[in-house]
Amino acid sequence: VECDRLKERAHRIIDEANFDDHPKVTFNTTSRTQLAQDYFYDSCDKISFFFEDNAFDEEGKLKYDRKHSINKVGHALHLLDPVYREFTNSDKIKNVAKS
């Protein structure tokens, strides 16, 4: 139930995001461009989107639907989104962290 709620919320965040002026930063663990590095480091206090390597066509338009174009959503979900904040601060997660 909790995982379903988090997944539903993530899909809603992706669906509601405005990608028109959003940096087209892909997430890749092997090649890091300066734009990607800066965007990654600057995303610590925001809900930011990182795309799959092949998400964009030559004109910079998404080739696939949003949910299949996103690699990661981060980093401040647990701070800025009420659903993720509630889960992160739940007793269940606190007890896991303490163990």
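Within each chain, residue numbers correspond to sequence positions counted from 1 in written order. Only residues with pLDDT of at least 70 get local features here, since the model is predicted, and only at 80 or more are side-chain atom pairs given and counted; chain-wide, interface and lining totals rely on the full set of residues. Side-chain descriptors were evaluated using all non-hydrogen atoms of the structure, hydrogens and water having been removed beforehand.

Comments concerning the pairing of strand 1 (residues 47-51)
Here's step 1: The element strand 1 is extensively covered by neighbouring structure, given that four of its five residues are classed as buried.
Here's step 2: Here five bridges tie strand 1 to strand 2 (residues 70-75), and the two strands are oriented antiparallel to one another. Across the sheet, residue Phe51 finds its bridge partner in strand 2, namely Ile70. When accessible area is computed with a 1.4 Å probe and restricted to protein chains, residues below 20% of their type maximum are described as buried, those above 50% as exposed, and intermediate ones as partly exposed. The secondary structure listing takes helices from DSSP runs of H or I that are at least 4 residues long and strands from runs of E that are at least 2 residues long, numbered from the N terminus. Strands are labelled as partners when DSSP assigns at least two bridges between them.

Structural notes on the side chain of Ser48
Here's step 1: Counting through the fold element by element, Ser48 comes out in strand 1.
Here's step 2: Taking relative accessible area as the criterion, Ser48 reaches 3% and is therefore assigned buried.
Here's step 3: The contact criterion used is simple: two residues touch if any of their non-hydrogen atoms lie within 4.5 Å. In contact with Ser48, other than residues within four places in its own chain, are Tyr39, Ser43, Lys72, Val73, Gly74 and His75.

Quick word on the nonpolar core
Here's step 1: As used here, the term nonpolar core means buried Ala, Val, Leu, Ile, Met, Phe, Trp, Tyr and Cys residues forming a set that is joined through side-chain atoms within 4.5 Å. Within the largest apolar cluster, 14 residues are counted, with the highest numbers of intra-cluster contacts made by Phe19, Phe49, Phe51, Ile70 and Tyr84.
Here's step 2: Contributions of two or more residues to this core are made by helix 1 (2-16), strand 1 and helix 5 (82-88).
Here's step 3: Looking at this core, the element that brings in the most residues is helix 1, giving four residues.
Here's step 4: Excluding anything up to four places from it in sequence, Phe49 contacts Ile13, Ile14, Ala17, Phe19, His22, Val25, Tyr39, Ile70, Lys72 and Val73.

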